[in-house]
Structures are given as structure tokens and as C-alpha cells.
Amino acid sequence: MSHTLDTPRPAEGAARPAGASARERQVSTFTALTAQVQAAGLMRRAYGYYWSKLIGLTLLLVGVLVAFVVIGDTWWQMVTAVVLALVLTQIAFLGHDAAHRQIFVSGKWNEWVSLIVINLFAGMGHGWWNRKHNKHHAAPNKLGADPDIAPGVLAFTPQAAEERKTPLTRWLATKQGYFFYPLLLLEGVNLHIQGLKRVLTPGDVKHRWVELAFILIRLGGFTALAFIVLSPGKAVAFLAIQVMLFGFYLGMSFAPNHIGMPIVPATMKVDFLSRQVLMSRNVTGGRWVDTFMGGLNFQVEHHLFPSMARPNLRKVAPIVRRYCDELGVKYTETSMSESYRAVTTYINRVGRGGLDVWVCPLATSTRV
């Protein structure tokens, strides 16, 4: 069975060639928006912002590590572990921006900054994460295409929930929305493991030895430092708190972006603008939310313009929101608490079998 999304009407002033094909009409819809954004100068780089972030966070990381050594063997170092996790998560956000080529015009500069930030500073794998994340951006929430909704510990789609065969796994699926947040405490470990697995897997891996060296230096050196400064019990607790909070913070920043938004059947065709807008959720709030979520709170704008510098996302949001209103494309934004409530409700509903992915809300959400 094939599904095709209704093409939304063009905004006022968005010219369409007479007799244009459906494909051309869809492309021109996004082209008109892009022209507005470029005219507003919002695709320009933000070198001052990013250099201050790169230098400032690097100095902050060094300062935390120096403080760790100076403070010495005490349980107060658990506070240092919390601070370190927060700093490393903010650094990981910079790695995300560099991987999307938001920081520099030069692809090589972005790539090497991403390698240094993601592998050497955060201890994750640039190649693994970049490959997975690019697939997600190409087809957010699309069955069989988006790795972020692939079957795993949690079921994000009805099909994945139906694969739970035993009474225990079926019962756990009905409560999975409540397990989701505690499981995020293990995400940091998973990120480290996946990065290592990628560089150790045979095949074509770009910068394999650089990635492996950076990861081993980061994980090995950091672990050794913890056991040199702290007694074994405190060292284990310190490392556990740091990695668990790191994963939890990252997970809480990424979770509201798409979980609970429409799932796209594998055979459904959706134009670029509708695909990126309808499957994304923005999180409202002041600039503290921008900082806390690393700009991921403007998920709609980030998906439409993935190479846009983070500071410009807040500026472009009103343009995108107005344009979507004119087109009749639903633009979703909620508060942070509402977004987490939506995530919990959706995951539990999927586990209970309360969703039919084939009754897709996309068509009705764009009909005018």
C-alpha cells in the first residue's frame, strides 16, 4: 500500500511555475522559504559565538580537572562529577554543531573540531554518531529509515511493541514510558561503547586510527586520573555519576525533539518541508532553554536548516512559524514540561498497542 502526503498550498508570494509537477511544487515551497532566510542574513556564520564557546568550554573543562586534582580524595568530588557531566554535555553540543557544519565554512575545519570535541573531549565516536544522525535527518520518524526509532530496549513504534512475545516483555512495554527516563542513565555508557564498536569494526571507517586514539586517550586517561586521585570506591562512584548524568542530560535534550510526533510509513512520500516540520517538536522558553538544550529546542528550524549557526535558530523561528501557518503545515511547539509529558504518554501508548501507524495523521494535518 502506498501513501502520499497532500501537497500544502503555497504561501502568498511563493511563486509556482505554471504547469509545474508535484515534485517541482514541493521543491519550490522550500525554496521560497530559503530565499526569505537568506535575505535576512540568517545563514551567515557566527564565528564570535562559536570561538567563545570553544575556548570558554575548553578552559572550563581544564579548570574542572585541575579542581578535581586539587580537591583530592574526598566524597565532595561527587559534586565535581556532576559539574563535569554538565560541562561535557555542553561540549558534546558543540560537537553536534561542528558535525552539521554550523561553525566554519570549511568542511575540514568542522570535521576536525567535531573529532576533537566528540572523541577526545566527550569520549564518543564521531564516525558512528555522524552516520546514524545523518540517516535520522534524512528521514525523521520514518519506518525502516530512521535509526532513532529502530526496535531496541524500548518500542517507539507499534510494530516494535508487537514483537514483544512473552508476558513479561509485553507488560514491561505497557509501562515503558516510565522506564524511559531511568534508562537514560545508561545512555552515556552506550554512547561510549557504540563509538568504540564502530572504529573496531572491519570496513571503511574514515579517520579510524585518529578516532580510536582519541577515544582511548579520553576514556583510559580519565579513568586512570580518577583512580590516581581517589580511592577505588570513590573513583568508581565518581565515574558512575559522571557518565550516568552525561547520558541522562543528553537524552533529556534529544528526547523531546521527535518522540510522540507522527510516524511515517515506509512507503509514504512526503515533501522535504513537511517531512522536517511535521515530525519535529520545538520546546519553548527563554535563552536559558537555548543554552540548556544546546539549541536543540529549535528542532524544526534545525531540521530545515541543519547547517545554520545555533544563535540564528531563535531568529529564524518566527519566519518559519509564519510560513508554515500560511502553508497550513502544522508547526508544533510546547513547553519543556509538556514535551516530556508527551514523550511519556506516547511511549506508554505505543507499548499498550494504542496506536495504528497506518492511520497516519499527516494527511489531515496538512489538508486545507
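Rules used in this analysis
- Residues numbered from 1 in each chain as written.
- Predicted model: local features only at pLDDT ≥ 70, side-chain atom pairs only at ≥ 80, totals over all residues.
- Heavy atoms only, no water.
- Helix = DSSP H or I, 4+ residues; strand = E, 2+ residues; numbered from the N terminus.
- Buried < 20%, exposed > 50% of the residue type's maximum accessible area, 1.4 Å probe, protein only.
- Contact = heavy atoms within 4.5 Å.
- Areas by Shrake-Rupley, 256 points an atom, 1.4 Å probe, with all protein chains shown as cover.
- Core = buried A, V, L, I, M, F, W, Y, C linked by side-chain atoms within 4.5 Å.
- Expected span 1.5 Å × (residues − 1).
- Bend = angle between axes of the 7 residues up to and from the residue.
- Axes fitted to C-alpha atoms, helices over the stretch in contact; angles between N-to-C directions.
- Parallel < 35°, antiparallel > 145°, perpendicular 65-115°, else oblique.
- Left-handed = near helix turned anticlockwise from the far one by under 90°.
- Polar contact = N/O pair within 3.5 Å; in protein donor to acceptor, adjacent residues only side chain to side chain.
- Phe/Tyr/Trp six-rings, centres within 6.5 Å; stacked < 30°, edge-to-face > 60°.
- 1 Å grid on protein atoms, 1.4 Å probe; cavity = no way out; pocket = protein on both sides within 12 Å on 5 of 7 lines; lining within 4 Å.
- Points joined across faces, edges and corners; volume = space filled by probe spheres on them.
- Nonpolar A, V, L, I, M, F, W, Y, C, P; charged D, E, K, R; others polar.
- Salt bridge = Lys/Arg side-chain N within 4 Å of Asp/Glu carboxyl O.

Caption draft 1: Structural context of the overall build of the protein. Looking only at helices and strands, the protein has 17 helices and 4 strands in total. The buried share among the 368 residues of the protein stands at 51%. Taking contacts inside the protein between residues at least 6 apart in sequence as the whole, the part at least 24 apart equals 73%. Total accessible area on the protein is roughly 16900 Å²; 65% of this is exposed by carbon and sulfur atoms.

Caption draft 2: Summary view of the nonpolar core. The biggest cluster of nonpolar side chains holds 42 residues, and the ones touching the most others in it are Ile-91, Met-124, Phe-238 and Phe-246. Looking at this core, the elements with two or more residues in it are helix H2 (47-71), helix H3 (77-99), helix H4 (107-121), helix H5 (126-138), helix H10 (208-229) and helix H11 (232-254). Per-element tally for this core: the top contributor is H3, with 12 residues. When near neighbours in sequence (up to four residues on either side) are disregarded, Met-124 contacts Ala-92, Ile-118, Asn-119, Leu-191, His-192, Ile-215, Phe-246 and Leu-250. One finds Val-264, Val-300, Phe-305 and Ile-319 within the second-largest nonpolar core, a separate group that totals 27 residues.

Caption draft 3: Representation of helix H15 (residues 310-327) in the model. Under the 1.5 Å per step criterion, the end-to-end length of H15 is 25 Å for 18 residues, consistent within 8% with the ideal 26 Å. The largest bend in H15 amounts to roughly 45° and is located at Val-316, with the proline Pro-318 lying one to four residues further along. A positive phi of about 85° marks Gly-328, the residue just after H15.

Caption draft 4: Up close: the packing of H2 against H4. Relative orientation of the contacting elements H2 and H4 amounts to 20°, with a least axis distance of 13 Å. In terms of axis orientation, H2 runs roughly parallel to H4. The handedness of the crossing between H2 and H4 is left-handed. Contact residues: H2 offers Trp-51, Leu-54, Thr-58 and Leu-61, while H4 offers Trp-109, Val-113, Val-117 and Phe-121.

Caption draft 5: Expanded view of the environment of His-207. Along the chain, the position of His-207 falls in the loop between helix H9 (187-200) and H10. Looking at His-207, the relative accessible area reads 22%, which means it is partly exposed. For the pair His-207 and His-126, spaced 81 residues apart in the sequence, the C-alpha separation amounts to 9.5 Å. Among residues more than four places away in sequence, those in contact with His-207 are Glu-111, Trp-112 and Leu-115. Within the local environment of His-207, its side chain forms a polar contact with the side chain of Glu-111, the two groups lying 3.4 Å apart.

Caption draft 6: Structural view of the packing of aromatic side chains. Tallied over the entire structure, the rule returns 14 aromatic pairs. Ring geometry for Trp-51 against Phe-104: centres 5.6 Å apart, planes inclined by 65°, an arrangement best described as edge-to-face. Here Trp-51 is found in helix H2, whereas its partner Phe-104 is found in the loop between H3 and H4, with 53 residues between them in sequence. Ring geometry for Trp-51 against Trp-109: centres 6.5 Å apart, planes inclined by 80°, an arrangement best described as edge-to-face. Within this pair, whereas Trp-51 is found in helix H2, its partner Trp-109 is found in helix H4, the two being separated by 58 residues in sequence. An aromatic cluster of at least three residues, connected via ring pairs, comprises Tyr-47, Trp-51, Phe-104 and Trp-109.

Caption draft 7: The arrangement of the side chain of His-136 in detail. One can find His-136 in helix H5. Looking at His-136, the relative accessible area reads 3%, which means it is buried. When sequence neighbours within four positions are dropped, the list of residues in contact with His-136 reads Asp-146, Pro-147, Asp-148, His-258 and His-303.

Caption draft 8: Highlighting unusual backbone geometry. Here the phi dihedral of Arg-101 falls at roughly 60°; this positive angle occurs in a residue that is not glycine. Note on placement: Arg-101 falls in the loop between H3 and H4. Exposure remark for Arg-101: the relative accessible area of 48% places this residue in the partly exposed category. Positive phi, close to 60°, is recorded for His-207, a residue that is not glycine.

Caption draft 9: Quick look at the layout of surface pockets. Within this model, the largest pocket holds a volume of roughly 1200 Å³. At the level of elements, H3, H5, helix H8 (176-183), H9 and H11 are the ones that each hand at least two residues to the lining of the largest pocket. Top contributing element to the lining of the largest pocket by residue count: H5, with 5 residues. Tallied by class, residues from the lining of the largest pocket come to 25 nonpolar, 12 polar and 3 charged.

Caption draft 10: Summary view of the pattern of salt bridges. Within this structure, the stated rule accounts for 6 salt bridges. Residue Lys-132 pairs with Asp-148 through a salt bridge whose shortest N-O separation is 2.5 Å. Remark: Asp-148 occurs in the loop between H5 and helix H6 (158-162) and Lys-132 occurs in helix H5; sequence separation between them is 16 residues. What makes Lys-132 partly exposed here is its relative accessible area of 28%. Note on Asp-148: relative accessible area 30%, which makes it partly exposed. Arg-314 is paired through a salt bridge with Asp-290; the nearest N and O atoms lie 2.8 Å apart. Of this pair, Arg-314 sits in helix H15 while Asp-290 sits in helix H13 (residues 287-292); the two residues are 24 residues apart in sequence, bridging distant segments of the chain. According to the relative accessible area criterion, Arg-314 is partly exposed, its value standing at 24%. The exposure class assigned to Asp-290 is buried, which follows from its relative accessible area of 14%.

Honestly, that's just the spatial picture; any functional story needs more than this.
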